[in-house]
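Structural overview
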Amino acid sequence: MLDRLQSLADRYEKLSELLCDPDVANDSKKLRDYSKEQSDLQPAYEAYVEYKNVMEELEAAKTMQGEKLDDEMREMVKMEIEELSARQQELEEKIRILLLPKDPNDDKNVIVEIRGAAGGDEAALFASDLYRMYTRYADSQGWKVELMDVNMNDLGGFKEVIFMINGRGAYSKMKFESGAHRVQRIPATESGGRIHTSTSTVAVMPEAEEVDIEILDKDIRVDTFCSSGAGGQSVNTTKSAVRVTHIPTGIVATCQDGKSQNSNKEKALQVLRARIYDMMRQEEEAKYAGERKSKVGTGDRSERIRTYNFPQSRVTDHRIGLTVHKLDQVMNGEIEEIISALTIAEQAEMMDKGV
């Protein structure tokens, strides 16, 4: 571990030199790439610098302990050794986590798809609640949300909503949200006061740029049509809505949110690239599913990952057995506690497997 840390530290310091080089400063691509690389290395570098300082202080304290000291000084040295030893263990744990392999998609923006599943209108209403939860969470993280497509029912619920979250590290946190979300509550449409169970599915995909997925013009079919709203009525008379079909895979993406056909086409292509990239990524991971499936989930949309129980104000994440009794706050976007617990569980599992 120390050899790896020293190599990392050497690279970090080399990057500091490169970033001071006038040739690099005048090359926007190199400047951007080196700055990002150094930023990624910084947490581990700073932890390693502190670790070396702690070890030096600990060695000095242990040397002092062997000298002739009065009782008061001996007790002070003993306390210092205990504090430094505890800090050493904390830093070693922190460094082990920082050195775990990083998902190459973690820093990417994400495209999120939420669909009402089992439960009809109630499922669609819950899908709109989840959309609100994620947009408020994104706001708390300083991320930007861009609505890409929405299909509403007559009650204002979302049969389907697709949106992009722009912000560094968005995928590293939002990736845990893929799966089936179950709600237990008395629907607004229920006159008898009975608790119903409904589900909505969430799919979180890393944004795929053109360098990740190349889509050739000959491989797509573009159809235009009039936008439609709740109940299927036409929203406008111009054919601004766009449907893009990727012929080799059969994957389809639609966008009708904007009034501009060109803008809708570009958004549909963004969704299409993300879906193709997600399909390829899941196919690759499926080859290793037996050894790589984790307790925090596979990202399978059919996997029930969380229950939101309104009568008991309870939210339970089934992957790690976490229950919090503050449903109102969660639905208001305060989900960092859950996401942090899932991140820690994933890290612990990777460390147990010696990854």
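Residues numbered from 1 in each chain as written. Predicted model: local features only at pLDDT ≥ 70, side-chain atom pairs only at ≥ 80, totals over all residues. Heavy atoms only, no water.

1. What to know about the overall build of the protein chain
We count it as follows: A run of H or I in DSSP becomes a helix once it reaches four residues, and a run of E becomes a strand once it reaches two; helices and strands are each numbered from the N terminus. When accessible area is computed with a 1.4 Å probe and restricted to protein chains, residues below 20% of their type maximum are described as buried, those above 50% as exposed, and intermediate ones as partly exposed. Note on contacts: a residue pair qualifies if any of its non-hydrogen atoms lie within 4.5 Å across the two residues. Residue-level accessible areas treat just the shown protein chains as cover; the underlying method is Shrake-Rupley with a 1.4 Å probe.
A tally of helices and strands in the protein chain yields 10 helices and 11 strands. When burial is assessed residue by residue, the protein chain has 41% of its 355 residues classed as buried. Of the contacts formed within the protein chain by residues at least 6 apart in sequence, a portion of 62% connects residues at least 24 apart. For the protein chain, the exposed area adds up to about 19,200 Å²; of that, 48% sits on carbon and sulfur atoms.

2. Brief notes about the packing of helix H1 (residues 2-19) against helix H3 (residues 28-65)
Note the threshold: Angles here are taken between N-to-C directions and fall from 0 to 180 degrees, while the axes themselves are lines fitted to C-alpha atoms, restricted in helices to the stretch in contact. Working definition: roughly parallel below 35 degrees, roughly antiparallel above 145 degrees, roughly perpendicular at 65 to 115 degrees, and oblique for all remaining angles. Each crossing gets its hand from how the near helix is turned against the far one by less than a right angle, where anticlockwise is left-handed and clockwise is right-handed. Basically, the charged four are Asp, Glu, Lys and Arg, the nonpolar ten are Ala, Val, Leu, Ile, Met, Phe, Trp, Tyr, Cys and Pro, and anything else, Gly included, counts as polar.
Contact geometry for H1 and H3: axes closest at 8 Å, N-to-C directions at 135°. When the axes of H1 and H3 are compared, the pair comes out oblique. For the crossing formed where H1 meets H3, the hand is left-handed. Every residue of H3 that contacts H1 at Leu2, Leu5, Gln6, Leu8, Ala9, Arg11, Tyr12, Glu13, Leu15, Ser16, Leu18 and Leu19 is listed here: Leu31, Tyr34, Ser35, Glu37, Gln38, Leu41, Gln42, Ala44, Tyr45, Tyr48, Tyr51 and Lys52. Class assignment of the residues belonging to the contact of H1 with H3 gives a composition of 15 nonpolar, 5 polar and 4 charged.

3. Focus on the nonpolar core
The test is simple: For our purposes a nonpolar core is just a set of buried Ala, Val, Leu, Ile, Met, Phe, Trp, Tyr and Cys residues, chained together by side-chain atoms within 4.5 Å.
In terms of nonpolar packing, the biggest core is built from 34 residues, with Val112, Ile114, Tyr134, Ile165, Met174 and Tyr308 touching the most fellow members. When contributions to this core are tallied by element, the ones reaching two or more residues are strand S1 (110-116), helix H5 (121-141), strand S3 (158-166), helix H6 (170-174), strand S5 (196-206), helix H9 (327-331) and helix H10 (336-352). Considering every element that reaches this core, the biggest residue donor is H5, with 8 residues. Among all residues touching Val112, those that are not within four sequence positions of it are Val161, Ile162, Phe163, Ile165, Met174, Val202, Ala203 and Val204.

4. What about the UniProt feature "coiled-coil region" (unreviewed entry) in the protein chain?
Convention followed: UniProt positions are given in the numbering used here, feature names are shortened, and annotations may be inferred rather than shown by experiment.
Mapped onto this structure's residue numbering, the UniProt feature "coiled-coil region" (unreviewed entry) falls at residues 55-94. Its end C-alpha atoms 15 Å apart, residues 55-94 is made of 88% helix and 0% strand.

5. Side note on the sheet that holds strand S4 (residues 179-185)
To keep things clear, this is the line we draw: One requirement defines pairing of two strands: DSSP has to find at least two bridges between them.
Taken together, 8 strands build an open sheet; the order of strands is S2-S3-S1-S5-S4-S9-S10-S11 and the sheet is mixed. Two strands close off the open sheet at either side, each with one partner strand: strand S2 (144-152) and strand S11 (322-324). For this sheet, the mean angle separating the axes of adjacent strands, direction not counted, is 15°. Judged from the 7 bridges that link them, S4 and S5 form a sheet pairing that is antiparallel. Of the residues in S5, the one forming a bridge with Gln184 is Thr197. Across the sheet, H5 touches S1, S2, S3, S4, S5 and strand S9 (304-309), and the angle it forms with S4 is around 110°. Contacts from helix H7 (residues 261-286) reach S1, S2, S3 and S5 within the one sheet, and its direction differs from that of S5 by about 95°.

6. Considerations on the packing of H3 against helix H4 (residues 71-98)
Packing of H3 against H4 brings their axes to within 9 Å, and their N-to-C directions diverge by 155°. Classified by the angle their axes make, H3 and H4 are roughly antiparallel. Of the two elements, H3 crosses H4, and the hand of that crossing is left-handed. The residue makeup of the contact of H3 with H4, split by class, is 16 nonpolar, 3 polar and 8 charged.

7. With respect to the pairing of S2
Pairing of S2 with S3 involves 8 bridges; the strand directions are antiparallel. Each residue of the ladder has a partner; that of Glu146, found in S3, is Met164. In this antiparallel pair of consecutive strands, S2 and S3, the connection spans 5 residues, and Gly156 shows a positive phi of 90°.

8. Topic: the sheet that holds strand S6 (residues 220-225)
Overall, antiparallel pairing links the 3 strands, which are arranged S6-S7-S8 in an open sheet. Each having just a single partner strand, S6 and strand S8 (251-255) make up the two edges of the open sheet. Geometrically, the sheet is characterised by an average inter-axis angle of 15° between neighbouring strands, direction not taken into account. With 5 bridges connecting them, strand S7 (residues 241-246) and S8 associate as antiparallel partners. What sits directly across from Arg243, in S8, is Thr254. Its contacts with the sheet place H7 against S6, S7 and S8, and it is angled at close to 145° to S8.

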